[in-house]
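Listed below, chain by chain, are the residues.
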Amino acid sequence: MVAVALQSSADVFLSSHLVEMRARLRRLMDESAALHAEEEENVDGAAQKWLGLLAREGALRLAVPRRYGGEYEEVCALPLCLAREELARSSSLADTMLAMQGLGSYPITLAGSEEQKERYLPPVARGEKIATFAITEPDAGSDVASLTTRAEGRAGRYVLNGVKRFISNAGLAHTYVVFAKTDPGVGTRGISAFVVEAGTPGLKVRRMDLIAPHPIGEVVFENCAIPEAARLGTEGDGFAIATGTLALFRVTVGAAAVGMAQRALEEALAYARKRIQFGRPIAQFQAIRFMLADMATELQAARLLVYQGAWSRDNGQGKPIESSMAKLYATEMAQRVIDQALQIHGGMGVVKGTAVERLYREVRVLRIYEGTSEIQKLIISNELLRE
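Source: prediction; values computed, not measured.

**Considering the overall build of the protein**
The helix and strand inventory of the protein stands at twelve helices and ten strands. In terms of overall size, the protein behaves like a compact globule, its C-alpha atoms giving a radius of gyration of 21 Å where 387 residues would be expected to give roughly 21 Å. Projecting the C-alpha coordinates of the protein onto the three principal axes gives extents of approximately 80 × 50 × 40 Å. Put simply, the protein has 387 residues, and 56% of those count as buried. Taking as baseline every contact in the protein between residues at least 6 positions apart, the subset at least 24 positions apart corresponds to 73%. Split by element, the accessible area of the protein, about 16400 Å² in all, is 54% carbon and sulfur. Taking the average place of the 45 positive charges on the side chains of the protein and the average place of its 46 negative ones, the gap between the two points comes to 2 Å.

**With respect to the pairing of strand β4 (residues 175-181)**
The buried count for β4 comes to seven of seven residues, which makes it a mostly enclosed element. Residues Thr175, Val177, Phe179 and Lys181 of β4 are buried on one face, and the alternating residues Tyr176, Val178 and Ala180, pointing to the opposite face, are buried as well. With four bridges joining them, strand β1 (residues 131-134) and β4 adopt parallel strand pairing. Residue Phe133 lies in a different strand from β4, and its bridge partner there is Val177. Sheet analysis places β4 next to strand β5 (residues 191-197), joined by seven bridges and oriented antiparallel.

**Describing the packing of aromatic side chains**
Counted by the stated rule, this structure contains four aromatic pairs. An angle of 70° between the planes, with centres 6.0 Å apart, marks the rings of Tyr106 and Phe249 as edge-to-face. Residue Tyr106 is found in helix α6 (residues 92-111), and its partner Phe249 is found in helix α8 (residues 238-274); the two are separated by 143 residues along the sequence. With respect to class, Tyr106 is no different from Phe249; both count as buried. Ring plane angle 80° and centroid distance 6.3 Å describe the contact between Phe278 and Phe285, whose orientation is recorded as edge-to-face. For Phe285, a relative accessible area of 22% corresponds to the partly exposed category.

**A few points about the packing of helix α2 (residues 16-31) against helix α4 (residues 43-57)**
In contact at an axis separation of 11 Å, α2 and α4 are set at 150° when each is read in the N-to-C sense. When the axis of α2 is compared with that of α4, the two are roughly antiparallel. Between α2 and α4 lies a crossing whose hand is right-handed. Residues Arg24, Leu28 and Met29 of α2 pack against Trp50, Leu53, Leu54, Arg56 and Glu57 of α4. Here the contact of α2 with α4 is composed, by residue class, of five nonpolar, no polar and three charged.

**Some details on the packing of α8 against helix α11 (residues 355-363)**
Following both chains from N to C, one finds α8 and α11 inclined at 155°, their axes separated by 10 Å at the closest point. As judged from the angle between their axes, α8 and α11 are roughly antiparallel. Considering how the two elements wind past one another, α8 and α11 form a crossing that is left-handed. Counting all contacts with α8, which are made through Met260, Arg263, Ala264 and Glu267, the residues of α11 involved are Ala355, Val356, Arg358, Leu359, Glu362 and Val363. Classifying every residue of the contact of α8 with α11 by side-chain character gives six nonpolar, no polar and four charged.

**Here's the deal with helix α12 (residues 373-386)**
Here α12 spans 20 Å end to end across 14 residues, near enough to the 20 Å set by a 1.5 Å rise per residue. Where α12 is concerned, the buried positions are Ser373, Gln376, Ile380 and Glu383. Taken down its axis, α12 places every buried residue within 90° of arc, on the same side. Exposed residues pointing more than 90 degrees away from the buried face of α12 are listed as Glu374, Leu385 and Arg386. Along its buried surface, α12 packs onto α8 and α10 (320-345).

Cut-off values and rules
- Residues numbered from 1 in each chain as written.
- Predicted model: local features only at pLDDT ≥ 70, side-chain atom pairs only at ≥ 80, totals over all residues.
- Heavy atoms only, no water.
- Helix = DSSP H or I, 4+ residues; strand = E, 2+ residues; numbered from the N terminus.
- Rg over C-alpha atoms; globule rule 2.2 N^0.38 Å.
- Buried < 20%, exposed > 50% of the residue type's maximum accessible area, 1.4 Å probe, protein only.
- Contact = heavy atoms within 4.5 Å.
- Areas by Shrake-Rupley, 256 points an atom, 1.4 Å probe, with all protein chains shown as cover.
- Lys, Arg positive; Asp, Glu negative; His and termini not counted.
- Charge placed at Lys NZ, Arg CZ, Asp CG, Glu CD.
- Pairing = 2+ DSSP bridges.
- Phe/Tyr/Trp six-rings, centres within 6.5 Å; stacked < 30°, edge-to-face > 60°.
- Axes fitted to C-alpha atoms, helices over the stretch in contact; angles between N-to-C directions.
- Parallel < 35°, antiparallel > 145°, perpendicular 65-115°, else oblique.
- Left-handed = near helix turned anticlockwise from the far one by under 90°.
- Nonpolar A, V, L, I, M, F, W, Y, C, P; charged D, E, K, R; others polar.
- Expected span 1.5 Å × (residues − 1).
- Arc of directions from axis to C-beta.

See below:
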């Protein structure tokens, strides 16, 4: 009942259609519990199964505009937040598959030609093609301007050379949106974006292992030739395409954090009621009750901040500061709440395979990807000082 109450205030912002979608996704995740165990043993296979289930439920349609098979006229933050919260509550891998369909296709939505949109977006919405977003490099994370991957124009084509690192869906993706320097001498104004298809000669993948199940790796380009028509927009548009994409999806990271924290609170409440110490449930001890109260309050504050940021963006009122605040606060909140849930579980919290142990491993990356917490603080402070 507490979990339902904590979510009810968010529902007032949602149409009945979105509330029903929340219920469908909750049922999907509850009915697919057996797939969670497979994630640890066969992450690629589990990822593809999640993609199929999400396609069946129509969730992938949230990633593209209606004209190309999507659910809504434009890609909207609020439905994506709703879906990511529900998915991340049960499986960060399922959440990743939805998020990457969006991240890997939205640059095409933003800057692609009509031919590119018709070719790449409908298969993403149907789950027939897997997309990804490749910008991070070994020496270029927060400092995007320092990326070194080159795209040299040669007689109607581009030749790519360089390495991308921490690329989700590396090895699974059918299309990679790749950001590379076409003019190294002008900083971010020299970055361009390209769609590179898997199997293109010169594209190689090296897989990486993280602390939680995740299909990720390095993508290496060695004299990888692609047609000029693979470029998104004009030369030099890459930085704007990347920031435009992240501006939409950053707030949805906060929603994923909310979902993970929600699950942690549910697990902590259930365990505190049944765990007996000193002759009574630990939920009767004031120290535990105060922890639960803090967890619930922080979770509710983060949820409202996320949904406010998403609603504002979808209604043309959004500012970068709102998405950054939502991402910063929600991800830091989730880390704290999950840590407290593990503490309530005591020794059982670190037993491999328990829900809180899994959440503890999965949540850590949220404070890093799509802009670290420190980068979000810079964005927020810059906006405040600009005002």
